[in-house]
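Okay, here's what each chain looks like letter by letter:
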Amino acid sequence: MAFHLDYFLASLVSGLAYLPRTLLLVSLPLALGLLGGLVLAAFRVYRVPVLGRLTALGVSIYQGVPIVVALVIYNLLFMSLFNDVAAFFGVATTVAEVDIIWVGIFALALQEVTLMEESFRGAFYSVPAGQREAALACGLTELQALRRIIVPQLVPVAVPMLMNHVVGNIKNSSVVIAIGVAEVLTGASIPAARTYSFLESYVAAGLIYWALATAAEQLIGQWEIRPEARQSSWFWQVCARVRRRRTVTVAQQEKRGQVHAELEAYQKIL
Amino acid sequence: MLSLKHIRKSFDREEVLRDVSLQVRHGEVVSILGPSGSGKTTLLRCLDFLERADGGELTLDDLHVDLAHAKRRDVLAMRRRTAFVFQNYNLFANKTARENVMEGLVTARGVSPDEARKKAEEALAWVGLLDKAGEYPSRLSGGQQQRIGIARAVVLDPEVIFLDEPTSALDPELVGEVLNVIREVARRGIAMIIVTHEMAFAREVSHHVVFMEGGRVIEEGPPEQIFSQPREERTRTFLKRYLTDSNMYYI
Amino acid sequence: MEALFSWQRFWADVPLLLPYFLVTVKIVFWGIGVGLVLGIVLACLRLRHLAWLEPILHIYVSFMRGTPMLVQLLIIFYGLPLVLAAVGVQEAVRWDKMVFVYAAFALNETAFLSEIFRSAILAVPAGQLEAAYAVGLTRWQAYRRIVLPQAWRIALPGFGADFIALFHGTSLAFLVGVIDIMGRAQALGASTHHALEGYLFVALLFIVCSLGLRVGFNYLDRRLAYGR
C-alpha cells in the first residue's frame with residue numbers, strides 16, 4: 001500500500017476550500033437549535049397546556065429518526081414539491097436555482113432543536129428548586145429569580161453542554177453528502193475522482209473535522225476556566241482587552257455594584 | 001499483641017505522622033483523641049494500608065510487617081486479620097445489608113455461602129437490624145448503616161478493629177445507637193483502636209487513651225489520668241475546649 | 001402526475017424492506033459486541049496511565065470522538081483492506097466487505113464505550129474500594145465484586161444513549177454501498193421512482209425501535225437501582 005502524500009495534501013487543500021460551507025452547516029443549525037430548543041424547553045418546564053405535551057411527544061418521536069433518513073426524506077419532498085409550492089406563492093424560482101445546502105441546514109437544525117430542548121431541560125432541572133423558592137422568598141419576582149439566580153447557575157452546566165452540541169454538529173454536518181451538498185468531505189474527495197486516492201481524501205477530511213472539533217472544544221473549554229486562572233489564558237486576555245475598550249458609564253457601574261451586593265446577600269441567605 | 005513502631009507519613013512534603021509508636025494488648029480498647037489534622041485518621045489508614053506509610057513497623061502477634069515496603073501478601077494478611085469501620089460507613093452500595101456482611105467471609109475468607117449467611121444474620125441480629133437484612137444501604141439511616149458497618153467488621157472475627165470517627169457523620173440523635181453497639185464489641189473482648197471526638201464515650205469505654213497533635217503522640221495513659229490529670233499543657237487546652245462543647249451532644 | 005405518497009405502495013414496500021433490517025441488526029451486534037470488550041480493555045488500560053501507551057490511546061479516542069462516523073466508515077472501509085494487505089494479509093482485499101463495515105462501527109464504539117466506562121469507574125466513590133480492601137478482598141476481587149458492578153450501573157444511561165446512537169449510525173452504511181434497510185429503500189426508490197414510501201417506513205421502523213430501546217433501558221435503569 002502506498003499512501004501518497006501529494007494526493008493527501010491536494011485533498012487537504014481542496015477540502016479546506018469548502019470549510020466555509022461546513023461552517024455554515026454547523027453554525028446556522030446551532031443558532032436555530034439554540035433558539036428553538038429554548039422555546040420548546042420552556043413549553044415543557046413551565047408546563048404550557050397542549051404545547052408542553054405536544055413538545056414532549058414530538059421530541060421523543062423525532063429523536064428516533066436517524067439524521068440521514070430525515071435528510072433523504074426532506075430532500076425528496078423538497079425536490080418533488082418545491083416547484084408547485086413556489087408557483088402557488090407566485091415565486092418565480094425553480095428547484096434547480098436553489099442551493100440544496102438549505103435542505104441540509106433545515107434537517108440539521110430540526111435535529112438540533114430536539115437535542116437542545118433536552119439539554120436545556122436537563123440544565124434547568126439541575127438547579128435545585130430551593131434556589132427559586134429562596135429567591136421568591138427574598139421578594140424577587142419570578143422573572144427576577146430566573147434572571148439573577150437561576151440563569152447564572154445554569155451557565156456552568158450549559159457550557160459543557162454547548163460544547164457537546166458544537167462538536168456533535170460538526171460531526172453531523174458531513175452526512176449532507178448523502179443528498180449531494182458540497183462541503184468539506186465532498187471537497188476533499190474531488191481530487192480522488194481523478195487519481196482514485198480515496199483513502200488519502202478521507203484521511204484529509206477526517207483531519208479537518210478533527211481539527212475543527214478540537215478547536216471548538218478548546219475555545220469553549222476556555223469558558224470553564226476558573227476566574228483565578230484566567231490571567232494565564234490567552235482567550236481571557238483577549239476578552240479582557242475587548243471589554244476594557246467598551247466605555248462603562250457611571251450609572252452602569254452603580255447598577256453593577258448594586259447587583260453584586262444583592263447577589264452576595266442572597267448567597268449568604270441561601 | 002499489636003505494636004506499631006516509628007510510623008512516618010507525609011503528603012506532599014507536609015509531615016502528617018512523625019514517628020508514632022503505639023501498643024495494643026489483647027482485648028484492649030485504645031482511643032485516639034486530638035484536634036483535626038493531628039494525623040489520627042491517617043494513622044489508622046496506614047495500619048490497614050489504605051494509605052502507604054513512608055516508614056514504620058507493625059507487629060500483630062506473629063505477623064511482622066514493614067509498613068513502607070510490605071508485599072501484597074503481607075498487606076492482604078494484615079487486612080484479613082483486622083477490620084475497619086469508616087467514618088462515612090462505606091457500605092457496598094451494590095449489595096444488601098446481608099450481602100455486605102457476607103462479602104468478606106465468602107470472598108476473602110472462603111467461608112461457604114450458607115455458613116456465611118448464618119453468621120451474617122447472627123451479626124445483624126446482634127446489632128438489632130435483622131429485619132433490614134434485605135435492604136440496600138441507600139434505604140437505611142446513617143445510624144443503621146454504621147451499625148451494619150460494625151457488624152461487617154465483627155463478623156470477620158478480627159484480632160483488632162480500627163474505627164475511624166464512627167459517629168462523626170451521624171445526626172446527634174443517631175449517635176447513641178452506634179455507641180451502644182461499640183460498647184457491645186468492647187464487652188466481647190475484641191481489641192479496638194478508636195479515633196473519636198466523643199470524649200465521654202472514650203473515657204467510659206477505653207482502657208488506654210492516646211492524645212495526638214501535629215503528627216505526634218503528645219500524651220498517653222489510662223483514661224482517668226488523661227481526662228482528670230493531664231500532664232501536658234496541650235492536652236489540657238484541647239480537653240477543656242472539647243469537654244465543654246461535646247458533652248452537649250453526648251447522649 | 002402520480003401522487004407523491006400512496007398507502008398501497010407503502011404496504012407493498014414493507015415485505016420487501018423488512019428482511020434487510022437483519023443487516024442493520026448485525027452491524028449493531030458486532031459494533032456493540034466487539035466495542036464492549038475492547039472498550040472495557042481500553043478503559044482499564046487508560047486508568048492505569050501507562051506512560052508509553054497513554055498518548056496513543058488518547059489520540060485514538062480523541063480522533064474517534066472528534067470525527068464524523070461517516071468519515072471513519074469511509075477511511076476504514078477503503079483503508080483497512082489496504083493496511084491489512086500491506087502488513088501481509090493479502091487475502092484481506094477479497095474478504096466480505098461487511099467485515100470492514102463491522103470493524104468501522106466496532107472501532108468507533110470502542111472509543112466511545114471506553115470513555116463511558118472510564119468515567120463510570122472513576123465515579124464510584126473511593127470509599128467503596130477502601131471498604132473492599134478493608135474486609136480483605138484482593139484488588140481483582142474488589143474490582144470484580146464491588147467497583148465494576150457499581151460502575152456498570154453508573155454507565156448504564158450513557159451506554160443506552162450510545163447504543164441508540166450506534167443503531168442510528170448504522171443508517172450511514174448505505175453510503176458505502178451496503179444494502180441494509182436504508183440501502184434497499186434507496187434501490188427500491190430508484191427502480192420504481194417512488195422512494196418516499198420506503199424511506200418513511202424506514203423512519204417509522206427506527207422510531208419504533210428507538211422508543212422501544214429507550215423504554216427498555218429506562219426499565220433496566222430502575223430495576224438495577226440498588227434500592228434507590
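First, a word on what this report is: a plain description of the structure on this page. (Residues numbered from 1 in each chain as written. Chains lettered and ligands numbered in written order. Predicted model: local features only at pLDDT ≥ 70, side-chain atom pairs only at ≥ 80, totals over all residues. Heavy atoms only, no water.)

1. Details of the overall build of chain C
For chain C, the helix and strand inventory stands at nine helices and zero strands. Each helix and strand of chain C, ordered N terminal to C terminal, gives the series α-α-α-α-α-α-α-α-α. Over its C-alpha atoms, taken along the principal directions, chain C stretches across nearly 75 × 50 × 25 Å. Nonlocal contacts in chain C, meaning residues at least 24 apart in sequence, comprise 75% of its contacts between residues at least 6 apart. Here chain C has roughly 10,700 Å² of accessible surface; of this, 70% comes from carbon and sulfur atoms. Looking at chain C, you have 17 positive and 12 negative side-chain charges, and the mean spots of the two groups are 10 Å apart. (Helix = DSSP H or I, 4+ residues; strand = E, 2+ residues; numbered from the N terminus. Contact = heavy atoms within 4.5 Å. Areas by Shrake-Rupley, 256 points an atom, 1.4 Å probe, with all protein chains shown as cover. Lys, Arg positive; Asp, Glu negative; His and termini not counted. Charge placed at Lys NZ, Arg CZ, Asp CG, Glu CD.)

2. What about the packing of aromatic side chains?
The tally for this structure, following the rule as stated, stands at 30 aromatic pairs over all chains. On the numbers, 5.8 Å between centres and 80 degrees between planes, the contact of A:Phe124 with A:Tyr125 is edge-to-face. Put simply, the rings of A:Tyr196, A:Phe198, A:Tyr202, C:Phe77 and C:Tyr78 touch in pairs and so form one group of aromatic residues. Here C:Lys97 stacks its cationic end above the ring of C:Phe77, 5.8 Å away from the centre of that ring. (Phe/Tyr/Trp six-rings, centres within 6.5 Å; stacked < 30°, edge-to-face > 60°. Lys NZ or Arg CZ within 6 Å of the ring centre and 35° of its normal.)

3. Focus: the interface of chain A and chain C
When the parts of a complex come together, some accessible area is lost, and that lost area is often taken as the interface size. Tallying the contact residues gives 31 residues for chain A and 35 residues for chain C. Each partner contributes to the roughly 2,900 Å² buried at the junction of chain A and chain C, and carbon and sulfur atoms together form 82% of this total. Scanning the region where chain A abuts chain C turns up one salt bridge. C:Arg214 is paired through a salt bridge with A:Glu118; the nearest N and O atoms lie 3.5 Å apart. Summed over the shared surface of chain A and chain C, the number is six residue pairs in polar contact (both at pLDDT 80 or more). Sorting the residues of the side of chain A that touches chain C by element identifies helix 3 (51–62), helix 4 (67–88), helix 7 (142–172) and helix 9 (198–221) of chain A as the ones contributing at least two each. Here the residues of the side of chain A that touches chain C are counted per class, giving 23 nonpolar, six polar and two charged. (Buried area = accessible area lost by both parts, 1.4 Å probe. Salt bridge = Lys/Arg side-chain N within 4 Å of Asp/Glu carboxyl O. Polar contact = N/O pair within 3.5 Å; in protein donor to acceptor, adjacent residues only side chain to side chain. Nonpolar A, V, L, I, M, F, W, Y, C, P; charged D, E, K, R; others polar.)

4. What to know about the nonpolar core
Of all hydrophobic cores here, the largest spans 106 residues; its most connected members are A:Val69, A:Leu185, C:Leu73 and C:Val101. For this core, the element with the highest residue contribution is helix 5 (residues 97–123) of chain C, accounting for 13 residues. The contact partners of A:Leu185, leaving out residues within four places of it in the chain, are A:Ser174, A:Ile177, A:Tyr202, A:Ala205, A:Tyr209, C:Leu70, C:Val71 and C:Leu74. In this structure, B:Ala151, B:Ile190, C:Tyr133 and C:Ile146 belong to the second largest nonpolar core, which totals 85 residues. (Core = buried A, V, L, I, M, F, W, Y, C linked by side-chain atoms within 4.5 Å. Buried < 20%, exposed > 50% of the residue type's maximum accessible area, 1.4 Å probe, protein only.)

5. Quick notes on the pairing of strand 1 (residues 2–11) of chain B
Residues and elements named next belong to chain B. The pairing of strand 1 with strand 2 (residues 14–24) spans seven bridges and is antiparallel. When the sheet's bridge partners are listed, Leu2 is paired in strand 2 with Val24. Pairing of strand 1 with strand 4 (residues 55–60), which is carried by five bridges, proceeds in the antiparallel orientation. When the bridges of strand 4 are listed, Arg8 appears paired with Gly55. (Pairing = 2+ DSSP bridges.)

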